[in-house]
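Residue strings, one per chain:
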Amino acid sequence: MKIAIVFDRIRGEEKSLALEAKHAGCTTELIDGRTLFFEATAKRSKQRFGDVVLQRCISYYRSLFLTRIMENFGTYVINTSKVSDICGNKLIGSMVLAKAGVPTPRTYVALSSEAVDQAAEALGYPIVLKPFVGSWGRMISIAKDAQTLDTIVELKESIPNPIEHMYYLQDFVERPPRDIRAIVAGDEIVATVYRNAAANEWRTNVARGATTTSFTPDKELKEIVLKAAHAVGGGILGVDVMESSDGYVVHEVNNTVEFKGAQAASKTKIAKKMIEYVIRSAKR
Amino acid sequence: MIAKCEECDADITVPDDAIVGEIVQCKECSSEYEVVSIGDGKVELKPAEVAEEDWGE
């Protein structure tokens, strides 16, 4: 079997995935997505990428476009563009999770700055504001009151990008200074770790200095994680969960999951499990 | 393999198992570089891209 791994930046994750694919006896090709071009309107493409493509681009739009193009020419890509569509946009992700009955923080969207104050009032402070697209905790802020919200809105309105002029507002969930990252491959939870926020940091992203600790998930957590993964369409995913006073709450499902932090705490070879899933899926 | 940092002229040691597309960092000034090519014991680097708004997982 030939597995192509598409990247736009090689990290430890991509190296370990390529190595595990080789160990599994697969022909492996690392393809730099930045170098590709296509005749998008062609009925067929002469470009062959292998039996399955593992999408690992860190640019969301590049990843989405490439997956769409490859699927259009009949290539099987993990994860699918449907999953990428849902997970890459926080608004769509929240709607899909809620509709599937996965506990997720209450979220409002305001379609311009004119509607933000009313949305905030309906939601109630403190409010977490997140960009629709983005990761690693970048540009995520808390508005504890209307004055802070006004300042954030003013700043966002000064950014000349229309998506910044719409607003994703979410309940601030009281939780311990940590969250849970569960890595899923198909129907299997490969690893579960706590991401412990760094000192003086409320965000729990490893990119923000969070440290990881492995733990064994209970039955309820397993069910919620797999339900969330299934809701977005399944595949290789990172399900992020908070421990609220009312139980587990899924705030996000990641489509191109990073696992450096989880691997540091986990005995399971995460890349190996992912490749095993890729091979199983491609054979189906 | 050794390359030169464009910013501070320090030597950057690139591991032997590095592959094209990988990011290496100058230990002196923290500048990041992407490995462009490797061959004959030589390595070519270019300044790494700065994170875009849509980067992530």
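Everything numeric in this text was worked out from a predicted model, so none of it was measured.

1. With respect to the overall build of chain B
Moving on, step 1. Each helix and strand in chain B was counted, giving 0 helices and 5 strands.
Moving on, step 2. What you see in chain B, going N to C, is helices and strands ordered as β-β-β-β-β.
Moving on, step 3. With 57 residues in all, chain B has 39% of them scored as buried.
Moving on, step 4. In chain B, 20% of the contacts between residues at least 6 apart in sequence involve partners at least 24 apart.

2. Focus on the interface of chain B and chain A
Moving on, step 1. Contacts between the two partners involve 17 residues from chain B and, on the opposite side, 27 residues from chain A.
Moving on, step 2. Together, the buried faces of chain B and chain A total about 1800 Å²; carbon and sulfur atoms form 41% of this surface.
Moving on, step 3. Its largest share of buried area at the contact with chain A, chain B owes to B:D54, B:W55 and B:E57, together 46% of the area lost on that side.
Moving on, step 4. At the surface where chain B touches chain A, the tally comes to 6 salt bridges.

3. What to know about the nonpolar core
Residue and element names in this part refer to chain A.
Moving on, step 1. Among the nonpolar cores identified, the biggest contains 25 residues, and I3, L17, L54, I183, I236, I270 and M274 are the most heavily contacted of them.
Moving on, step 2. At the level of secondary structure, the elements contributing two or more residues to this core comprise β1 (2–7), α1 (12–23), β3 (52–55), β9 (178–185), β10 (188–196) and α9 (270–283).
Moving on, step 3. Here this core gets 7 residues from one element, more than from any other, and that element is α9.
Moving on, step 4. Not counting residues within four places of it along the chain, the set of residues in contact with L54 comprises A4, I5, V6, L17, I78, I236, I275 and V278.
Moving on, step 5. In this structure, V83, L221, V241 and V250 belong to the second largest nonpolar core, which totals 23 residues.

4. Let's talk about the packing of helix α3 (residues 81–88) of chain A against helix α4 (residues 90–99) of chain A
All names here are of chain A.
Moving on, step 1. Closest axis-to-axis distance for the α3/α4 pair is 5 Å, and the angle between their directions is 100°. Taken together, α3 and α4 sit at an angle that is classed as roughly perpendicular. Residue-level contacts link D85, I86 and G88 of α3 to K90, I92, G93 and V96 of α4.
Moving on, step 2. Along the lines of polarity and charge, the residues of the contact of α3 with α4 split into 3 nonpolar, 2 polar and 2 charged.

5. Regarding the sheet that holds strand β4 (residues 32–39) of chain B
Residue and element names in this part refer to chain B.
Moving on, step 1. The 3 strands are arranged β3-β4-β5 in an open sheet whose pairing can be described as antiparallel. Bordering the open sheet on either side are β3 (23–25) and β5 (42–47), each of which pairs with just one other strand. Averaged over all adjacent pairs, the angle separating strand axes in this sheet is 45°, with direction ignored.
Moving on, step 2. Here 3 bridges tie β3 to β4, and the two strands are oriented antiparallel to one another. Its bridge partner lying in β4, Q25 is registered against E32.

6. What about the pattern of salt bridges?
A side chain of one charge can pair with a side chain of the opposite charge if their charged atoms are brought near each other.
Moving on, step 1. Applying the stated criterion across every chain yields a total of 25 salt bridges over all chains.
Moving on, step 2. In this structure, A:K15 and B:E22 form a salt bridge, with 2.8 Å as the shortest nitrogen-oxygen distance. A residue pair is termed interchain when its members come from two chains, as with A:K15 in helix α1 and B:E22 in the loop between β2 (11–13) and β3.
Moving on, step 3. For A:K272, the salt bridge is made with A:E276, and the minimal N-O distance between the two is 3.4 Å. Here A:E276 and A:K272 lie together in helix α9, a separation of 4 residues that amounts to about one turn.
Moving on, step 4. Overall, the relative accessible area of 39% leaves A:K272 in the partly exposed class.
Moving on, step 5. The exposure class of A:E276 is partly exposed, given its relative accessible area of 30%.
Moving on, step 6. Salt bridges here are not isolated pairs; linked through shared partners, they connect A:D179, A:R181, A:R195, A:D240 and B:E57.

What counts, and where the lines are drawn
Residues numbered from 1 in each chain as written. Chains lettered and ligands numbered in written order. Predicted model: local features only at pLDDT ≥ 70, side-chain atom pairs only at ≥ 80, totals over all residues. Heavy atoms only, no water. Helix = DSSP H or I, 4+ residues; strand = E, 2+ residues; numbered from the N terminus. Buried < 20%, exposed > 50% of the residue type's maximum accessible area, 1.4 Å probe, protein only. Contact = heavy atoms within 4.5 Å. Buried area = accessible area lost by both parts, 1.4 Å probe. Salt bridge = Lys/Arg side-chain N within 4 Å of Asp/Glu carboxyl O. Core = buried A, V, L, I, M, F, W, Y, C linked by side-chain atoms within 4.5 Å. Axes fitted to C-alpha atoms, helices over the stretch in contact; angles between N-to-C directions. Parallel < 35°, antiparallel > 145°, perpendicular 65-115°, else oblique. Nonpolar A, V, L, I, M, F, W, Y, C, P; charged D, E, K, R; others polar. Pairing = 2+ DSSP bridges.

Taken by themselves, the reported measurements are silent on function.
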